[in-house]
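Geometric and topological summary
Single-letter residue listing:
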Amino acid sequence: MAVQAKFPVTRADIERVVAAFYARVRVHPGLGPVFAVHVEDWPSHEARVADFWANAILRERRYDGNPVRVHQEAGNVRPGMFETWLALFDQVLQAELTPEQAMAWSALAHRIGGSLRAGVVEKMRGPGGVPILR
């Protein structure tokens with residue numbers, strides 16, 4: 001029995017959205033430098049992120065990473081960056097997909113983004129829960 005996708009998108013849709021998103025990220029004044037420190041092989045990074053989204057949406061089992069840990073260990077990811085990331089991602093979703101697909105994927109991205117942000121914020125707290133601003 002095949003596992004049903006969370007909403008109707010294809011692997012090709014996912015790869016197209018990921019490629020369009022990272023094309024914008026690379027030239028974004030706030031996000032571009034953050035990613036440039038960590039990503040040396042953009043095609044490989046985009047394939048990994050496409051696997052992440054295919055896992056989350058299509059329920060494929062190709063991705064086995066830990067995105068919270070990756071963002072915690074990056075060292076230059078700040079909680080406020082997630083709003084910028086999500087706004088840019090929403091722009092790409094609206095440009096590349098139908099309104100229904102964009103809305104469904106955006107809702108999922110915002111839930112995941114909230115979890116990632118919470119993980120980064122928790123990692124950046126010191127004794128007594130006081131935020132550590134780096």
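Check the entry above for the structure.
Since the model is a prediction, treat every value here as computed from it, not as a measurement.

A separate point is the overall build of the protein. If you tally the helices and strands in the protein, you get six helices and zero strands. Walking the protein from its N terminus toward its C terminus, one meets helices and strands in the order α-α-α-α-α-α. The buried share among the 134 residues of the protein stands at 41%. A separation of at least 24 residues holds for 72% of the contacts in the protein among residues at least 6 apart in sequence.

This part covers a positive patch on the surface. Together, Lys6, Arg59, Arg61 and Arg111 make up a positively charged patch on the protein surface. Looking at the secondary structure, you find Arg111 in helix H6 (residues 99-123). We classify Arg111 as exposed; its relative accessible area is 54%.

In this section: the packing of helix H1 (residues 11-27) against helix H3 (residues 42-58). Closest axis-to-axis distance for the H1/H3 pair is 9 Å, and the angle between their directions is 135°. Regarding the angle of H1 to H3, the classification is oblique. For H1 against H3, the interelement crossing comes out right-handed. When H1 is examined against H3, the residues Arg11, Ile14, Glu15, Val18, Ala19, Tyr22 and Arg26 are found in contact with a partner set consisting of Trp42, His45, Glu46, Ala47, Val49, Ala50, Asp51, Trp53, Ala54, Ile57 and Leu58. Among the residues forming the contact of H1 with H3, the class breakdown is 12 nonpolar, one polar and five charged.

Criteria and thresholds
- Residues numbered from 1 in each chain as written.
- Predicted model: local features only at pLDDT ≥ 70, side-chain atom pairs only at ≥ 80, totals over all residues.
- Heavy atoms only, no water.
- Helix = DSSP H or I, 4+ residues; strand = E, 2+ residues; numbered from the N terminus.
- Buried < 20%, exposed > 50% of the residue type's maximum accessible area, 1.4 Å probe, protein only.
- Contact = heavy atoms within 4.5 Å.
- Patch = residues over 30% accessible without salt bridge, like charges linked within 9 Å, V, L, I, M, F, W, Y side chains within 5 Å.
- Areas by Shrake-Rupley, 256 points an atom, 1.4 Å probe, with all protein chains shown as cover.
- Salt bridge = Lys/Arg side-chain N within 4 Å of Asp/Glu carboxyl O.
- Lys, Arg positive; Asp, Glu negative; His and termini not counted.
- Charge placed at Lys NZ, Arg CZ, Asp CG, Glu CD.
- Axes fitted to C-alpha atoms, helices over the stretch in contact; angles between N-to-C directions.
- Parallel < 35°, antiparallel > 145°, perpendicular 65-115°, else oblique.
- Left-handed = near helix turned anticlockwise from the far one by under 90°.
- Nonpolar A, V, L, I, M, F, W, Y, C, P; charged D, E, K, R; others polar.

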